[in-house]
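Take a look at the letters that make up each chain.
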Amino acid sequence: MTEIPKITIPADLLPEDGRFGAGPSRVRTEFIDDLAATRSSFLGTSHRRPVVKKAVAEIQAGLAEMYDLPEGHEVVLGLGGATAFWDAAVFGLIENRSAHFVCGEFSQKFAASVQGSPHLDDPVVIAAEYGDAPRPVEVPGADTAAFIHNETSTGVIAPFARIGDALVVVDGTSAAGAIGFDIEAVDAYYFSPQKALGSEGGLWVGVLSPAAVERIELIADSSRWIPPFLSLKIALDNSRQHQTYNTPALATLYLLARQIELVNANGGIAWAESASRASSDHIYAWAEASEYARPFVQDSDLRSPTVVTIDLSSEIPQGLVAGVLRANGVVDTESYRKLGRNQLRFATFPNISLGDVEALTACIDYIVERL
Ligand SMILES: *Cc1c(COP(=O)(O)O)cnc(C)c1O
């Protein structure tokens, strides 16, 4: 590894907060302070107690407000993050065959989860090159169509649509709380809360349509063996009581409830999206004007408003830029490791201010001038 050059960025160029990671992402420091201030009244209490049920109920009601959920939609919580939801879907949401619209590491991982399962048919995978997105098409014989709203590994916002009568299942992990969508086009919108929603990991949240609930109940009543921890039916039953099947991380629930409340109080998902778009537009415009940087995603309609991927020209190694940034307290700007490109990646979630994003690009220019 080449040594990171010693470049000290002047303090007045630095962002106020140096966290630009796509997940775990910037958690609002005032929420951390408030959590600490609960002292003995929240952490270290039983998860069935009212204080916890209140946090879960707030999350459910807050998401219903954020997405203006139609009557009959339910917000379900379970443990293990979006990764666990994939396995739960293998057991409890996919009937026989799923179609997967793949455009990066996360959408690929869901398809891989299905591929090994003994009780399902081989999934159909419709893949695009990384940096692009597959267009929704009907896949005959598929009872479930799996899309990703925002591919965190590549910085692509991908289209999804209701085509045919497959259940539409969308990974919203780096979009939930930051990018709006047509709720009528989705049956299950699931996510982990440590990305755009600036909470901690270990939890999955699913927004389910009546059709998704019906599918879960149908499969739960069938002869299929389902491990209880991965049972969507058990998660659903517990969520109706505002609790989780097993013990959740209370800090995650607390931070998630606060972040949802903040988005709703500021004008909802449209406000959050415009905040993210202002920041990401700044970076894309900066890269396009730059002599050494350019957006990785060619099609500007597919450029994510929340996770920005920027290729650097070969004489500017990303490791050096990210390394100098890190040494100056500006962290997690490295590209997704498995992508293997000379690239920087930044989150522009609503918690990351435009001012900090402008400071970030100024810092990168400062570093590159001195390399
Ligand atoms: C991070 C991420 C996941 C995985 O989340 P975990 O909480 O680690 O399970 C899944 N999908 C997307 C789009 C992600 O960004």
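Everything below is about the structure shown above.
What you are looking at is a predicted structure, and each value in this text was computed from that prediction instead of being measured. (Residues numbered from 1 in each chain as written. Predicted model: local features only at pLDDT ≥ 70, side-chain atom pairs only at ≥ 80, totals over all residues. Heavy atoms only, no water.)

Q: Explain empty space enclosed by the protein to me, and be specific about the residues and the numbers.
A: Under the criterion given, the structure shown has 4 cavities of 30 Å³ or more. Roughly 80 Å³ of internal volume is contained in the largest cavity. Lining the largest cavity, in full, are Leu-77, Gly-78, Leu-79, Trp-204, Pro-228, Phe-229, Ser-231, Ala-235, Thr-244, Tyr-245 and Asn-246. If you tally residues by element for the lining of the largest cavity, the top one is strand 1 (residues 74-79), at 3 residues. When the residues that make up the lining of the largest cavity are grouped by side-chain class, the tally is 7 nonpolar, 4 polar and no charged. Every element with two or more residues in the lining of the second largest cavity is listed here: strand 2 (98-102), helix 4 (105-115) and strand 4 (144-148). Partitioned by chemical class, the residues of the lining of the second largest cavity number 8 nonpolar, 2 polar and 1 charged. (1 Å grid on protein atoms, 1.4 Å probe; cavity = no way out; pocket = protein on both sides within 12 Å on 5 of 7 lines; lining within 4 Å. Points joined across faces, edges and corners; volume = space filled by probe spheres on them. Helix = DSSP H or I, 4+ residues; strand = E, 2+ residues; numbered from the N terminus. Nonpolar A, V, L, I, M, F, W, Y, C, P; charged D, E, K, R; others polar.)

Q: Now, about the sheet that holds strand 10 (residues 293-295): what can you tell me, with residues and values included?
A: Within the open sheet, the 3 strands sit side by side as 10-11-12. Their pairing is antiparallel. Strands at the two margins of the open sheet, each flanked by one partner only, are strand 10 and strand 12 (343-347). Neighbour to neighbour, the strand axes of the sheet diverge by 30 degrees on average, direction disregarded. The sheet contact formed by strand 11 (residues 307-312) and strand 12 spans 5 bridges and is antiparallel. Following the sheet pairing, Val-307 is matched in strand 12 by Ala-347. Packing against the sheet, helix 8 (residues 268-289) makes contact with strand 10, strand 11 and strand 12, and its axis sits at approximately 10 degrees to strand 11. (Pairing = 2+ DSSP bridges. Axes fitted to C-alpha atoms, helices over the stretch in contact; angles between N-to-C directions. Contact = heavy atoms within 4.5 Å.)

Q: Describe the layout of surface pockets, naming the residues involved and giving the relevant values.
A: The volume enclosed by the largest pocket comes to roughly 300 Å³. Forming the walls of the largest pocket are 15 residues, and the residues nearest its centre are Lys-54, Ala-55, Glu-58, Ala-257 and Arg-258. Considering every element that reaches the lining of the largest pocket, the biggest residue donor is helix 2 (residues 50-66), with 7 residues.

Q: So what about the packing of aromatic side chains? Which residues, and what values?
A: Across all of its chains, the model carries 15 aromatic pairs by this definition. A connected cluster of aromatic rings, assembled from ring pairs, spans Tyr-67, Phe-101, Phe-147, Phe-160, Phe-181, Tyr-189 and Phe-191. Across the ring face of Tyr-284, the terminal group of Arg-303 is positioned such that the distance to the ring centre comes to 5.6 Å. A cation over a ring is seen here: Arg-370 above Tyr-366, with NZ or CZ 3.5 Å from the ring centre. (Phe/Tyr/Trp six-rings, centres within 6.5 Å; stacked < 30°, edge-to-face > 60°. Lys NZ or Arg CZ within 6 Å of the ring centre and 35° of its normal.)

Q: An account of the pattern of salt bridges is requested, with residue identities and associated values reported.
A: Pairing between side chains of opposite charge can happen when their charged atoms approach one another. Scanning all chains against the criterion turns up 22 salt bridges. Glu-261 is paired through a salt bridge with Arg-258; the nearest N and O atoms lie 3.5 Å apart. With Glu-261 and Arg-258 both in helix 7 (residues 250-266) and 3 residues apart, the pair spans about one turn of that helix. (Salt bridge = Lys/Arg side-chain N within 4 Å of Asp/Glu carboxyl O.)

Q: Please set out the site of the ligand residue by residue, giving values where relevant.
A: Around the ligand lies a shell of 13 residues, among which Thr-83, Thr-152, Asp-171, Ser-192 and Lys-195 are the nearest. Contact between the ligand and Gln-194: an oxygen atom at 2.9 Å from a side-chain N or O atom of the residue. Lys-195 places a polar side-chain atom, nitrogen or oxygen, 2.7 Å from an oxygen atom of the ligand. Taken by itself the ligand offers 390 Å² of open surface, and the protein chains cover 88% of this. No other element matches the 4 residues that helix 3 (residues 81-92) contributes to the shell around the ligand. (Near = heavy atom within 4 Å. Polar contact = N/O pair within 3.5 Å; in protein donor to acceptor, adjacent residues only side chain to side chain. Areas by Shrake-Rupley, 256 points an atom, 1.4 Å probe, with all protein chains shown as cover.)

Q: Residue-level account of unusual backbone geometry, with values.
A: In this structure, the amide linkage connecting Gly-23 to the following residue, Pro-24, adopts the cis form with an omega of -5 degrees. With phi around 60 degrees, His-242 is a residue other than glycine that occupies positive phi space. Among the structural elements, His-242 can be located in the loop between helix 6 (232-240) and helix 7. On the basis of relative accessibility, which here comes to 31%, the residue His-242 falls in the partly exposed class. Not every positive phi belongs to a glycine, and Asp-332 is a case in point at roughly 65 degrees. Looking at the secondary structure, you find Asp-332 in the loop between helix 9 (318-327) and strand 12. (Buried < 20%, exposed > 50% of the residue type's maximum accessible area, 1.4 Å probe, protein only.)

Q: Can you lay out the nonpolar core for me, pointing to particular residues and giving the numbers?
A: Core analysis: the largest hydrophobic core is formed by 84 residues, its most contacted members being Leu-63, Tyr-67, Tyr-189, Leu-253, Ile-310, Leu-325 and Ile-364. Among the elements that take part in this core, helix 7 stands out by supplying 9 residues, more than any other. For this core, the domains that each give at least three residues are domain 1 (30-265) and domain 2 (268-370). Excluding residues within four positions of it along the chain, Leu-325 makes contact with Ile-9, Val-330, Thr-333, Leu-360, Cys-363, Ile-364 and Ile-367. If you look at the next biggest cluster of nonpolar residues, it comprises 41 residues, including Val-90, Ile-94, Ala-212 and Val-297. (Core = buried A, V, L, I, M, F, W, Y, C linked by side-chain atoms within 4.5 Å. Domains from an automatic or database assignment.)

Q: Describe in detail the pairing of strand 8 (residues 188-191), supporting the description with residues and values.
A: Burial along strand 8 is two-sided: Ala-188 and Tyr-190 and Tyr-189 and Phe-191, pointing in opposite directions, are all buried. Across 3 bridges, strand 7 (residues 167-171) lies against strand 8 in parallel orientation. Looking at the pairing, Asp-171 lines up with Tyr-190 of strand 8. As judged from the 4 bridges shared by strand 8 and strand 9 (residues 203-208), these two strands associate in the antiparallel manner. Looking across to strand 9, one finds that Phe-191 is bridged to Val-205.

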